[in-house]
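What the coordinates show
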Amino acid sequence: MADLDTLVSQFQNKNEVAFQKLYGMYSDSIHGVVYNIVKDTAIADELMQDVFIKAWHNAHTYSSKKGRFFTWILNIARNAAIDKTRSKAFKQKKQNLNSDFFVDIITSNDNLDNSTDAIGIKKFVKNLGKKCKEVIELLYFKGFTQKETSEELDMPIGTVKTRNRNCIKELRDMVL
């Protein structure tokens, strides 16, 4: 862990070797999360590059007191992917999709298994109940908003928020 802390500190001090090492450590996981939201390899590749550049420029904002470096960069990636899916250009590009895109969105267990495996938490997510898996998949792996999740699962938004908070706490307790 001390090695990672040193690497992150070097990254924050604009050390290019540290950038390369962190990129090597996390790029596959970040790409997997982004791809599961945008469903387009070229866009995922582009966003992954953007995420690391944004992390590089904003490295001074990271604090180990607030959480792990991986979680910090993962949030940057997730937000970038969600922003991309909400952009006008992305929506126009996806208007004439083939049915494969929709099949990927509709499938849940395989998709969630692949997503969680990409970031190394598959074994923990498997231990969650069905209701937690549904909420986590929609919010974190498919990029749904809380409102969209509420509509998709036909439950009040307050229930989605509570379940999300409780499920994340349950995951955190398992991991730590």
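Computed from a prediction, not measured in an experiment: that's the story for all the values here.

**Remarks on unusual backbone geometry**
- Phi at lysine 14 is positive, roughly 65 degrees, even though this residue is not glycine.
- Within the secondary structure, lysine 14 sits in the loop between helix 1 (2-12) and helix 2 (16-38).
- The phi dihedral of lysine 39 is positive, around 55 degrees, even though this residue is not glycine.
- Considering the arrangement of structural elements, one finds lysine 39 in the loop between helix 2 and helix 3 (41-57).
- Looking at lysine 39, the relative accessible area reads 10%, which means it is buried.

**What to know about the packing of helix 3 against helix 4 (residues 69-86)**
- Viewed as axis vectors pointing N to C, helix 3 and helix 4 meet at an angle of 135 degrees, and their least axial separation amounts to 9 Å. Taken together, the axis directions place helix 3 and helix 4 in an arrangement best described as oblique. Relative to helix 4, the crossing made by helix 3 is right-handed. Within the contact between the two elements, helix 3 uses Ile43, Leu47, Val51, Phe52, Lys54 and Ala55 and helix 4 uses Trp72, Ile73, Ile76, Ala77, Ala80, Ala81 and Lys84.
- Residue classes in the contact of helix 3 with helix 4 are distributed as 11 nonpolar, no polar and two charged.

**A short note on helix 3**
- The end-to-end C-alpha distance of helix 3 is 24 Å, a good match for the 24 Å that 17 residues give at a rise of 1.5 Å each.
- Residues Ile43, Ala44, Leu47, Met48, Val51, Phe52, Ala55 and Trp56 constitute the buried set of helix 3.
- The backbone nitrogen of alanine 42 lies 3.0 Å from a side-chain oxygen of the residue at the head of helix 3, namely aspartate 40.

**Some details on the packing of helix 2 against helix 3**
- Running from amino to carboxyl end, helix 2 crosses helix 3 at an angle of 140 degrees, the nearest separation of the two axes being 8 Å. By the criterion of interaxial angle, the relationship of helix 2 to helix 3 is oblique. The handedness of the crossing between helix 2 and helix 3 comes out as right-handed. Counted together, Glu16, Phe19, Leu22, Tyr23, Tyr26, Ser27, Ile30, His31, Val34, Tyr35 and Val38 of helix 2 and Thr41, Ile43, Ala44, Asp45, Leu47, Met48, Gln49, Val51, Phe52 and Trp56 of helix 3 form the full contact between these two elements.

**Some details on the nonpolar core**
- Counting 30 residues, the largest nonpolar core has Phe11, Ile30, Val34, Val38, Phe69 and Ile73 as the members making the most contacts within it.
- Among the elements of the structure, helix 1, helix 2, helix 3 and helix 4 are those that each provide at least two residues to this core.
- Take this core: its biggest share by element is nine residues, from helix 4.
- Contact partners of isoleucine 73, with chain neighbours within four places excluded, come to Ile30, Val51, Phe52 and Ala55.

**Thoughts on helix 4**
- With 18 residues, helix 4 extends 26 Å between its outermost C-alpha atoms, agreeing within 8% with the 26 Å of an ideal straight helix rising 1.5 Å per residue.
- By the burial criterion, the buried members of helix 4 are Phe69, Phe70, Trp72, Ile73, Leu74, Ile76, Ala77, Arg78, Ala81, Ile82 and Thr85.

**Side note on the packing of aromatic side chains**
- The final tally for this structure, using the stated rule, is 12 aromatic pairs.
- Ring geometry for phenylalanine 11 versus phenylalanine 19: centroids 6.0 Å apart, planes at 10 degrees, classification stacked.
- Judged by centre distance (5.4 Å) and plane angle (85 degrees), the ring pair of tyrosine 62 and phenylalanine 69 falls under edge-to-face. Phenylalanine 69 shares its class with tyrosine 62; the two are buried.
- Clustering of aromatic rings is evident, with ring pairs tying together Phe11, Phe19, Tyr23, Tyr26, Phe52, Trp56, Tyr62, Phe69, Phe70 and Trp72.
- The side chain of lysine 14 reaches across the aromatic face of tryptophan 56, ending 5.0 Å from its centre.

Rules and cut-offs
- Residues numbered from 1 in each chain as written.
- Predicted model: local features only at pLDDT ≥ 70, side-chain atom pairs only at ≥ 80, totals over all residues.
- Heavy atoms only, no water.
- Helix = DSSP H or I, 4+ residues; strand = E, 2+ residues; numbered from the N terminus.
- Buried < 20%, exposed > 50% of the residue type's maximum accessible area, 1.4 Å probe, protein only.
- Axes fitted to C-alpha atoms, helices over the stretch in contact; angles between N-to-C directions.
- Parallel < 35°, antiparallel > 145°, perpendicular 65-115°, else oblique.
- Left-handed = near helix turned anticlockwise from the far one by under 90°.
- Contact = heavy atoms within 4.5 Å.
- Nonpolar A, V, L, I, M, F, W, Y, C, P; charged D, E, K, R; others polar.
- Expected span 1.5 Å × (residues − 1).
- Polar contact = N/O pair within 3.5 Å; in protein donor to acceptor, adjacent residues only side chain to side chain.
- Core = buried A, V, L, I, M, F, W, Y, C linked by side-chain atoms within 4.5 Å.
- Phe/Tyr/Trp six-rings, centres within 6.5 Å; stacked < 30°, edge-to-face > 60°.
- Lys NZ or Arg CZ within 6 Å of the ring centre and 35° of its normal.

Distances and angles like these do not, on their own, reveal function.
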